[in-house]
Amino acid sequence: VLAAESEAPAAVRELRAGIRGWREVGSPYEVARARVVLSHALRVVSNEDDADLELQAALDEFQRLGARIDVGIVERELRDAEDRRSGPLTARKTFMFTDIVGSTTLAEALGDQAWERLLRWHDDMLRSQMARGGGEVVNSTGDGFFAAFESAHAGIDCAISIQRALVDHRGATGFALSVRIGLHTAEANRRGADYSGKGVHIAARVSALAVGGQILATSQALAEARDFRVGDVRLVTVRGVSDPVSLASVVWE
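None of the values given here were measured: they were computed from a predicted structure. (Residues numbered from 1 in each chain as written. Predicted model: local features only at pLDDT ≥ 70, side-chain atom pairs only at ≥ 80, totals over all residues. Heavy atoms only, no water.)

Draft legend 1. Seen up close, the overall build of the protein. A count of helices and strands for the protein gives 9 helices and 8 strands. Against the compact-globule benchmark of 18 Å for 253 residues, the protein has a radius of gyration of 19 Å, which places it among compact chains. Across its three principal directions, the C-alpha atoms of the protein cover 55 × 50 × 30 Å. Relative to its full complement of 253 residues, the protein shows a buried share of 46%. Across the protein, every contact between residues at least 6 apart in sequence was considered, and the portion connecting residues at least 24 apart equals 66%. Surface accessibility of the protein: about 12900 Å² in total, with carbon and sulfur atoms responsible for 50%. Measuring between centres, the 30 positive side-chain charges of the protein sit 2 Å from its 36 negative side-chain charges. (Helix = DSSP H or I, 4+ residues; strand = E, 2+ residues; numbered from the N terminus. Rg over C-alpha atoms; globule rule 2.2 N^0.38 Å. Buried < 20%, exposed > 50% of the residue type's maximum accessible area, 1.4 Å probe, protein only. Contact = heavy atoms within 4.5 Å. Areas by Shrake-Rupley, 256 points an atom, 1.4 Å probe, with all protein chains shown as cover. Lys, Arg positive; Asp, Glu negative; His and termini not counted. Charge placed at Lys NZ, Arg CZ, Asp CG, Glu CD.)

Shown next as structure tokens:
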């Protein structure tokens, strides 16, 4: 929470305390996950050397535990950290934002422990689907993810796989989270593991316009992935963007 609220120095202190706590109770996987988050906070306070050390320690632990998805994520972050030192690059990507609808109300209704278990399942499922679809998880937004794909087809296909996995989970357990997804294809600046620019902003705003269980994609994304069925195209005004954005709902059910 502190990191998300741009309180990086306080986040560093809390994360170090958390790592000590997880180590005392013998939870190496949680220690490694906390180290990854700590590395992000350290970079915010411009402590690149310690951030790299935390990531490398996390990588060593994930490799020992056989956590293959986490190994891939951390290896990419280490490469991106090195790339970032070379300066910003421009890349054309399809950006995806996901978000759990009604998460605050649901967390209150379920209680902390049940909500944490459900959130962990959600995070693992989405990371797995994105990795399988060739996506790059840029960061976690708390109740969702920001990811980048090399092609619009891969991004939309992954979004459909996520929604279908949620339906399968509902069929198996009687309950599933409601997730909204937005996609946009555009040029963006890349610095290390992060992306910035107008295209990223539009993707985030498109996701916020979706309802639970819906996939919204802009015309730019749909133009590069024509083999999906879509609803009516409409123009919307999004905050921070002067020109209207053309988008449509992807039919996946």
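Draft legend 2. Inspection of the pattern of salt bridges at higher detail. By the definition in use, this model includes 12 salt bridges. Residue Arg-43 is joined to Glu-48 by a salt bridge in which the shortest nitrogen-to-oxygen separation is 2.5 Å. Among the residues examined, Glu-48 registers a relative accessible area of 23% and is labelled partly exposed. Glu-150 is the partner of Lys-93 in a salt bridge, and the nearest nitrogen-oxygen pair spans 2.2 Å. Of this pair, Lys-93 sits in strand β1 (residues 89–100) while Glu-150 sits in the loop between β3 (145–149) and α7 (152–173), and the two are 57 residues apart along the sequence. Overall, Lys-93 belongs to the buried group, its relative accessible area being 7%. When its relative accessible area of 60% is taken as the criterion, Glu-150 is described as exposed. If you follow the salt bridges from partner to partner, you end up with Arg-16, Arg-35 and Glu-54 in one network. (Salt bridge = Lys/Arg side-chain N within 4 Å of Asp/Glu carboxyl O.)

Draft legend 3. Expanded view of the pairing of β3. Here β3 lies mainly inside the structure; 5 of its 5 residues are buried. Side chains Phe-145, Ala-147 and Phe-149 of β3 all project onto a buried face; the interleaved residues Phe-146 and Ala-148 project onto the opposite face, where all are buried too. As defined by bridge partners, β1 adjoins β3 across 4 bridges and the pair is classed as antiparallel. Following the sheet pairing, Phe-97 is matched in β3 by Phe-146. (Pairing = 2+ DSSP bridges.)

Draft legend 4. Structural context of the packing of aromatic side chains. For the structure shown, the criterion picks out 4 aromatic pairs. Taken together, a centroid distance of 6.0 Å and an interplanar angle of 50 degrees make the contact between Phe-95 and Phe-146 tilted. Of this pair, Phe-95 sits in strand β1 while Phe-146 sits in strand β3, placing them 51 residues apart in sequence. Phe-146 matches Phe-95 in its accessibility class, with the two residues each being buried. With a centroid separation of 4.4 Å and an interplanar angle of 5 degrees, the aromatic rings of Phe-97 and Phe-146 are classed as stacked. With a gap of 49 residues between them, Phe-97 in strand β1 and Phe-146 in strand β3 connect regions that are remote in the sequence. Residue Phe-97 is classed as buried on the basis of its relative accessible area of 12%. Taken together, Phe-95, Phe-97, Phe-146 and Tyr-195 form an aromatic cluster joined through their ring pairs. (Phe/Tyr/Trp six-rings, centres within 6.5 Å; stacked < 30°, edge-to-face > 60°.)

Draft legend 5. Highlighting the nonpolar core. Within the largest apolar cluster, 35 residues are counted, with the highest numbers of intra-cluster contacts made by Met-96, Met-130 and Ile-162. Of all elements in the fold, only β1, α5 (103–110), α6 (112–132), β3, α7, β4 (179–191), β6 (215–218) and α9 (219–223) reach the threshold of two or more residues within this core. When residues in this core are grouped by element, the largest group, 8 residues, is from α7. Here Ile-162 is in contact with Met-96, Met-125, Leu-126, Gln-129, Met-130 and Ile-181, once residues within four sequence places are set aside. (Core = buried A, V, L, I, M, F, W, Y, C linked by side-chain atoms within 4.5 Å.)

Draft legend 6. Summary view of helix α1 (residues 8–24). Taking 1.5 Å per residue as the helical rise, α1 with its 17 residues ought to reach 24 Å, and the 24 Å between its terminal C-alpha atoms agrees with that figure. Taken as a whole, α1 has its buried residues at Ala-8, Ala-10, Ala-11, Val-12, Leu-15 and Ile-19. Its buried side turned inward, α1 meets α2 (28–44). Phi turns positive one or two residues past the end of α1, at Gly-26, with a value near 70 degrees. (Expected span 1.5 Å × (residues − 1).)

Draft legend 7. Region of interest: unusual backbone geometry. One non-glycine residue, Ser-46, lies in the positive phi region at around 65 degrees. By the element assignment, Ser-46 lies in the loop between α2 and α3 (48–65). Classification of Ser-46 as exposed rests on a relative accessible area of 63%.

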